[in-house]
Amino acid sequence: MANISLKQLRYFDALARSLHFGRAAEACAVTQPALSMQIQDLERELGAVLIERTRTGAKLTREGEETARRVASILAAVRDLETAARQGDAPLSHALRLGVIPTVAPYVLPRLLPVLRENHPHLDIELRESQTHHLLADLAGGRLDAVLLALPVDLPDIETLPLFEDEFVFAVPESRPEPQGALASPDMFDNERILLLEEGHCLRDQALSVCSLNRAGKLDTMGTTSLSTLVQMVAGGFGVTLLPRMSLDVERRPGVRLMRFAPPVPHRIIGLAWRTSSPKKADFRELGRIVSALTHKGIPESGAL
């Protein structure tokens, strides 16, 4: 039986994520020779070369890539075990590492964080905002406890909790002639310059899917990473876009006309995701309850936009 230590696994995990011996050693608070020796010991115990050492850093071998996936899962299970041993009876009373996608964070966190601070003063929350695939990788690897994102999530060993529906609205320059009819429809995108977030943002994929934008006019991302930039471009007359309803209190501005879609109204489902093995499920359900209540309270219902 191989004599593998958690120290070796943690050092290898840091190296697999950074692909740089110096940065991995710094993350583990050890010297670079000490980290390198532990990696060599791990390779010897497994009887496989995991790292291809290059002049500029490191590269995972095929065996190293598979080992990295398994090591991340093992370390996540160890973190869950440590958390379970410390877990108290009161929900949201310990540390919580929460990931949030960029098209949700600016519109939920300003309402959520004061409520958590007031009602759960012992909660030590750590936030990370990033694209969905990065957050899910950190979730699976145990570096995050939960992620607030758009569903669905089709990954093994990940459990999800739907919280609320977030409708899309059509944003068009106010300088354009007012379109006929009170409601928008997908055919209004025909022959339009459609402004979308850059690839990697799930909102881009949802917009392409729910409104059949792939069959519409010219698509334009221009490397845009925020909804605020999209709205400014619409206000300047550079094109049209879709906005999630939850963003309107923040992103609404002069020069932009907002229109609802005719039924069936395109929407996304916002929810929480966590590892099935996590002992913090009571925390996640309480957090989900709070987010859902705040969001329903903060997003306008079926009145005028």
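The structure presented is a predicted model; accordingly, all values stated were derived computationally and were not measured.

Quick look at the packing of aromatic side chains
Scanning the entire structure with this criterion turns up two aromatic pairs. Taking the centre distance of 6.2 Å and the plane angle of 50° together, the rings of Phe 170 and Phe 261 count as tilted. Taken together, the residues Phe 170 in strand 6 (residues 158-173) and Phe 261 in the loop between strand 10 (256-259) and strand 11 (267-275) connect sequence positions 91 residues apart. By the burial criterion, Phe 170 is buried, and Phe 261 matches it.

Regarding the packing of helix 1 (residues 6-18) against helix 3 (residues 32-46)
Pairs of packed helices are described in terms of their axes, by the angle between the two and the distance that separates them. Look at helix 1 against helix 3: their axes get within 9 Å of each other, and the N-to-C directions meet at 110°. Taken together, the axes of helix 1 and helix 3 are roughly perpendicular relative to one another. Between helix 1, through Lys 7, Gln 8, Leu 9, Tyr 11, Phe 12 and Leu 15, and helix 3, the contact on the second element is made entirely by Ala 34, Leu 35, Gln 38, Ile 39, Asp 41 and Leu 42. The residue makeup of the contact of helix 1 with helix 3, split by class, is eight nonpolar, two polar and two charged.

Some thoughts on the environment of Ala 207
Within the secondary structure, Ala 207 sits in helix 7 (residues 202-210). The spatial distance from the C-alpha of Ala 207 to the C-alpha of Arg 268 is 9.3 Å, given a sequence separation of 61 residues.

Structural notes on the confidence of the model for the protein chain
On average, residues of the protein chain carry a pLDDT of 86, and 89% of them reach 70 or more. For the protein chain, per-element mean pLDDT is lowest for strand 8 (residues 218-220), which scores 67, and highest for strand 5 (residues 146-151), which scores 96. Counted against residues more than four places away or in other chains, residues 298-304, with its pLDDT under 50, gives 13 contacts.

Quick notes on the rules
- Residues numbered from 1 in each chain as written.
- Predicted model: local features only at pLDDT ≥ 70, side-chain atom pairs only at ≥ 80, totals over all residues.
- Heavy atoms only, no water.
- Phe/Tyr/Trp six-rings, centres within 6.5 Å; stacked < 30°, edge-to-face > 60°.
- Helix = DSSP H or I, 4+ residues; strand = E, 2+ residues; numbered from the N terminus.
- Buried < 20%, exposed > 50% of the residue type's maximum accessible area, 1.4 Å probe, protein only.
- Axes fitted to C-alpha atoms, helices over the stretch in contact; angles between N-to-C directions.
- Parallel < 35°, antiparallel > 145°, perpendicular 65-115°, else oblique.
- Contact = heavy atoms within 4.5 Å.
- Nonpolar A, V, L, I, M, F, W, Y, C, P; charged D, E, K, R; others polar.
- pLDDT = per-residue confidence, 0-100.

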